Amino acid sequence: MSASLLASAASVQAAIPSPSQHTWYLGPVPLRAYALAILAGIAVAIWITTKRWVARGGDADDVLDIAFWAVPFGIVGGRLYHVISTPEPYWGEGGDPVRALYVWEGGLGIWGAVALGAVGAWIGCRRKGVRLSSFADALAPGLLVAQAIGRLGNWFNQELFGAPTTLPWGLEVSPAVIERLNADTGTAFAAGTLFHPTFLYELLWNLGAAALLVWLDRRYRLGHGRVFWAYVALYTLGRVWIEMLRIDTAEHVLGLRLNVWTSIVVGLGALVAFVVIGRRYPEREDGVELPGRSRDRQEEDRRSRDDRVDAEQDTGQDTGHDPEPDTELDTMSTAHAGAAAGASGRDDGRDSGGGPHRADAQGPGPDQGPTDRA
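Residues numbered from 1 in each chain as written. Predicted model: local features only at pLDDT ≥ 70, side-chain atom pairs only at ≥ 80, totals over all residues. Heavy atoms only, no water.

Here we look at the packing of aromatic side chains
Summed over all chains, the structure comprises 14 aromatic pairs. Ring geometry for Trp24 and Phe156: centres 5.9 Å apart, planes at 75 degrees, overall edge-to-face. Here Trp24 is found in strand E2 (residues 23-26), whereas its partner Phe156 is found in helix H6 (residues 132-157), with 132 residues between them in sequence. Taking relative accessible area as the criterion, Trp24 reaches 34% and is therefore assigned partly exposed. Judged by relative accessible area, which is 23%, Phe156 ranks as partly exposed. Taking the centre distance of 5.6 Å and the plane angle of 70 degrees together, the rings of Trp111 and Tyr235 count as edge-to-face. (Phe/Tyr/Trp six-rings, centres within 6.5 Å; stacked < 30°, edge-to-face > 60°. Helix = DSSP H or I, 4+ residues; strand = E, 2+ residues; numbered from the N terminus. Buried < 20%, exposed > 50% of the residue type's maximum accessible area, 1.4 Å probe, protein only.)

Below, the structure written as structure tokens:
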């Protein structure tokens, strides 16, 4: 009897316990673990993407502006995919369609989030005049880290676990969750049954894939969207075997879960895209701007600087004293004045088709696009 008790105690100690609470209240305001995990993932992804975007020659402010479009689109797309791929709790017998709006209960399908999020990112990139493929390459590792952090929300919600297991890292869930699982699947799992922590498997897989993407990008200087397609291929490779361990309700096609088929098809497509783009564009792109937009953005920056100089000069005139000197702005203004004086003393080769002036050979002019610093 004592040996049996010791074995049982060892088994309990080896199991991964589930959190007993997933919502806390700050007065009347609920703080839900799932929502906090999603928000934390978004924040970390934006931070990582900003670092990588600047290294590729982009403006740090671009990332937040593009995220303003991509994040809401991604959340809506993820929820739509989940509701379509798992319709029983909402449209099946005894289902409640209103619960389709309860995002905080969990349920964001990654493929819907990526697909519709890409639409939002495209809108943001067009507004900023940058390449979507370059932004996707900068985003890919951060997106995997965000997904890994988001899986912690599934742990708090006691969801998305796999089949029963006797492994020492089996997941322990509450009796109420087992009862609900028995009702949904028509199976009779005993209280105390341990399950594969598939959310943990995916968390670790995503972190490993993110590190691999960063290494591949630095080693081979991938561009034109190849980092993003490598992300899709790596993620789907892990998602296939992880998805096949899960036992929660889902749509099945030809004996396999819909998400398994989606991962297979999308993964093969990503692999083809990675190879084809690599053959067509073996080198990384020179800049992140859309063709023809680099000069426009630099001209806009120049006008902004000139406006600042004029505003400071006006302020100095209004107050009766000169504004604080700005060496950088004074140097820029002097350079603009010198360029204008030089242009008035020679034919404008840019408009007439003539060759460049000797002074132009000393270095890149103000219209040159940003260099790749990655």
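A short note on H6
Taken as a whole, H6 carries its principal kink of about 40 degrees at Leu139; the proline Pro141 stands between one and four residues after it. In terms of burial, H6 is largely enclosed, as 19 of its 26 residues are buried. (Bend = angle between axes of the 7 residues up to and from the residue.)

Here's the deal with a nonpolar patch on the surface
A contiguous nonpolar surface patch, about 550 Å² in accessible area, is contributed by Trp24, Leu26, Val29, Leu31, Leu36 and Leu39. Those elements that provide at least two residues to the nonpolar patch are E2, strand E3 (29-32) and helix H2 (33-55). (Patch = residues over 30% accessible without salt bridge, like charges linked within 9 Å, V, L, I, M, F, W, Y side chains within 5 Å. Areas by Shrake-Rupley, 256 points an atom, 1.4 Å probe, with all protein chains shown as cover. Salt bridge = Lys/Arg side-chain N within 4 Å of Asp/Glu carboxyl O.)

Examining the pattern of salt bridges
Enumeration according to the criterion identifies 11 salt bridges in this entry. Arg284 serves as the salt-bridge partner of Asp217, at 2.8 Å between the closest nitrogen and oxygen. Placement of Asp217 in helix H8 (residues 198-220) and of Arg284 in the loop between helix H10 (258-280) and helix H11 (294-319) is noted, with a sequence separation of 67 residues between them. Side by side, Asp217 and Arg284 carry an identical accessibility label, which is buried. Salt-bridge contacts for Arg246 lead to Asp248; the nearest nitrogen and oxygen are separated by 3.0 Å. A cluster of three or more residues bridged by salt bridges with shared partners is formed by Arg239, Glu243, Arg246, Asp248 and Arg257.

What to know about the nonpolar core
In terms of nonpolar packing, the biggest core is built from 22 residues, with Leu144, Leu213 and Tyr231 touching the most fellow members. At 7 residues, helix H9 (residues 226-243) tops the list of elements feeding residues into this core. (Core = buried A, V, L, I, M, F, W, Y, C linked by side-chain atoms within 4.5 Å.)

Observations regarding the side chain of Arg239
With respect to the secondary-structure elements, Arg239 resides in helix H9. Given a relative accessible area of 6%, Arg239 falls into the buried group. Once you skip the residues sitting within four places of it in the chain, Arg239 turns out to touch Ile110, Arg151, Glu202, Arg246, Asn259 and Ser263. (Contact = heavy atoms within 4.5 Å.)

Quick word on the sheet that holds strand E5 (residues 194-195)
Overall, mixed pairing links the 3 strands, which are arranged E1-E4-E5 in an open sheet. Of all the strands in the sheet, the pair left with one neighbour each is strand E1 (16-17) and E5. Bridge count for E1 against strand E4 (residues 171-172) is 2 bridges, and the pairing is parallel. Along E4, the bridge assignment pairs Ile16 with Leu171. (Pairing = 2+ DSSP bridges.)

Side note on the packing of H6 against H9
Their axes nearest at 7 Å, the elements H6 and H9 cross at an angle of 30 degrees. In terms of orientation, H6 lies roughly parallel with respect to H9. You can see that H6 and H9 cross each other, and the crossing is right-handed. The residues of H9 that touch H6, namely those facing Ala136, Asp137, Ala140, Pro141, Leu143, Leu144, Gln147 and Arg151, are Arg226, Val227, Phe228, Tyr231, Tyr235 and Arg239. (Axes fitted to C-alpha atoms, helices over the stretch in contact; angles between N-to-C directions. Parallel < 35°, antiparallel > 145°, perpendicular 65-115°, else oblique. Left-handed = near helix turned anticlockwise from the far one by under 90°.)

Some thoughts on the pairing of E2
In this structure, E2 lies alongside E3, joined through 4 bridges in antiparallel fashion. Among the inter-strand pairings, Tyr25 is bridged to a residue of E3, identified as Pro30. Hairpin connection of E2 to E3: 2 residues between the antiparallel strands, including Gly27 at a positive phi of 70 degrees.

Focus: the packing of H2 against H6
Two elements in contact, H2 and H6, have axes separated by 7 Å at closest approach and are oriented at 160 degrees. By the angle class used here, H2 and H6 are roughly antiparallel. Our pair here, H2 against H6, has a crossing hand that is right-handed. Of the residues assigned to the contact of H2 with H6, the class counts are 19 nonpolar, 8 polar and 2 charged. (Nonpolar A, V, L, I, M, F, W, Y, C, P; charged D, E, K, R; others polar.)

A few points about helix H3 (residues 60-85)
The end-to-end C-alpha distance of H3, which contains 26 residues, comes to 37 Å, matching closely the 38 Å that a straight helix rising 1.5 Å per residue would cover. Roughly 35 degrees is the biggest bend found in H3, and it falls at Ala67. If you check the start of H3, you find a side-chain oxygen 3.1 Å away from the backbone N of Asp61, and it comes from Asp59. (Expected span 1.5 Å × (residues − 1). Polar contact = N/O pair within 3.5 Å; in protein donor to acceptor, adjacent residues only side chain to side chain.)

Interpretation note: all reported values are geometric properties and have no functional meaning in isolation.
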